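Residue-level structure breakdown
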Amino acid sequence: MVLSEANKLAIQNVAAHIKSETAILGADALARLFEIHHQTKTYFPSFKSYVAADPKVIAHGTKVFEALVKATEHLDDLPHHLDKLAEKHGHELLVDPHNFVLFSDIIVVTLALHLPSFTPATHTAIDKFLEEVAYQLSSMYR
């Protein structure tokens, strides 16, 4: 992944903005994923509801967004940083790698809706970042 210094700065600025909003943004993004891509619900059979107000949706959405914020601290070594998550999703949870791409698109939409400073340049940087995250999370799929 090639991120310019401007890309890295934009990604870190977004991370700083979303750090205190991980529950709201994560729940919104996850609920959107479930609504638009129904097949993703199969990975969450214990959920009673798939809306943003559901406690399990909030908890998992928060976990995802916190992991993304943490990943922004490791932009120069994402493969190593995401190793354990890739192994868990690829070997234990057996998540279809295409779902990471789907969720990346939903995350971009969610950020664009919630962040007034989501410029085209920011969009480009976040898209590059999420593309790399999706690739790395898919790297250990078996």
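Predicted model, so just to flag it, every value in this text is computed and none were measured.

Thresholds, definitions, all that
Residues numbered from 1 in each chain as written. Predicted model: local features only at pLDDT ≥ 70, side-chain atom pairs only at ≥ 80, totals over all residues. Heavy atoms only, no water. Phe/Tyr/Trp six-rings, centres within 6.5 Å; stacked < 30°, edge-to-face > 60°. Helix = DSSP H or I, 4+ residues; strand = E, 2+ residues; numbered from the N terminus. Buried < 20%, exposed > 50% of the residue type's maximum accessible area, 1.4 Å probe, protein only. Contact = heavy atoms within 4.5 Å. Core = buried A, V, L, I, M, F, W, Y, C linked by side-chain atoms within 4.5 Å. Expected span 1.5 Å × (residues − 1). Axes fitted to C-alpha atoms, helices over the stretch in contact; angles between N-to-C directions. Parallel < 35°, antiparallel > 145°, perpendicular 65-115°, else oblique. Left-handed = near helix turned anticlockwise from the far one by under 90°. Nonpolar A, V, L, I, M, F, W, Y, C, P; charged D, E, K, R; others polar.

The next thing to look at is the packing of aromatic side chains. Counted under the stated rule, the structure contains 5 aromatic pairs. Both rings, one in Phe34 and one in Phe47, keep their centres 6.1 Å apart while their planes meet at 90 degrees; by these two values the pair is edge-to-face. Here the residue Phe34 occupies a position in helix H2 (residues 22–36), and Phe47 occupies one in the loop between H2 and helix H3 (55–71), the gap between them amounting to 13 residues. For Phe34, a relative accessible area of 0% corresponds to the buried category. With 4.9 Å between their ring centres and 45 degrees between their planes, Phe44 and Phe47 make a pair best called tilted.

Quick look at the side chain of Lys8 now. Tracing the chain through its elements places Lys8 in helix H1 (residues 5–18). Excluding residues that lie within four positions of it along the chain, Lys8 makes contacts with Leu3, Leu75 and Asp76.

Here we take up the environment of Ile106. Here Ile106 shows up in helix H6 (residues 98–114). In the structure, Ile106 is positioned 69 residues away from His37 in sequence and 10.0 Å away in space, judged by C-alpha atoms. Every residue in contact with Ile106, bar those within four places of it in the chain, is listed here: Ala29, Arg32, Leu33, Ile36 and His37.

So, on to the side chain of Thr122. Position of Thr122 among the secondary structure elements: in helix H7 (residues 120–138). Apart from the residues within four sequence positions on either side, Thr122 is in contact with Ala10, Val14 and Ser117.

Looking now at the nonpolar core. One broad rule of soluble globular proteins: the nonpolar side chains tend to lie buried together. Among the nonpolar cores identified, the biggest contains 40 residues, and Ile18, Phe65, Phe103, Ile107, Leu111, Ile126 and Phe129 are the most heavily contacted of them. Secondary-structure elements contributing two or more residues to this core are H1, H2, H3, H6 and H7.

Looking at the element boundaries, Ala15 is found in helix H1. The contacts of Ala15, once residues within four sequence positions are left out, are Val69 and Thr72.

It is worth spelling out H6 at this point. Think of an α-helix as 3.6 residues a turn; residues three or four steps apart then line up on the same face. Between its terminal C-alpha atoms H6 stretches 25 Å, which fits the 24 Å expected from 17 residues at 1.5 Å a residue. Every buried residue of H6 is listed here: Asn99, Phe100, Leu102, Phe103, Ser104, Ile106, Ile107, Val108, Thr110 and Leu111. Looking at the buried positions of H6, the neighbouring elements they touch are H1, H2, H3, helix H5 (83–92) and H7.

With that settled, the discussion passes to the packing of H2 against H6. Packing of H2 against H6 brings their axes to within 9 Å, and their N-to-C directions diverge by 130 degrees. Taken together, the axes of H2 and H6 are oblique relative to one another. For the element pair H2 and H6, the recorded crossing hand is right-handed. Between H2, through Ile24, Leu25, Asp28, Ala29, Leu30, Arg32, Leu33 and Ile36, and H6, the contact on the second element is made entirely by Leu102, Phe103, Ile106, Ile107, Thr110, Leu111, Leu113 and His114. Its residues assigned to classes, the contact of H2 with H6 shows 12 nonpolar, 2 polar and 2 charged.

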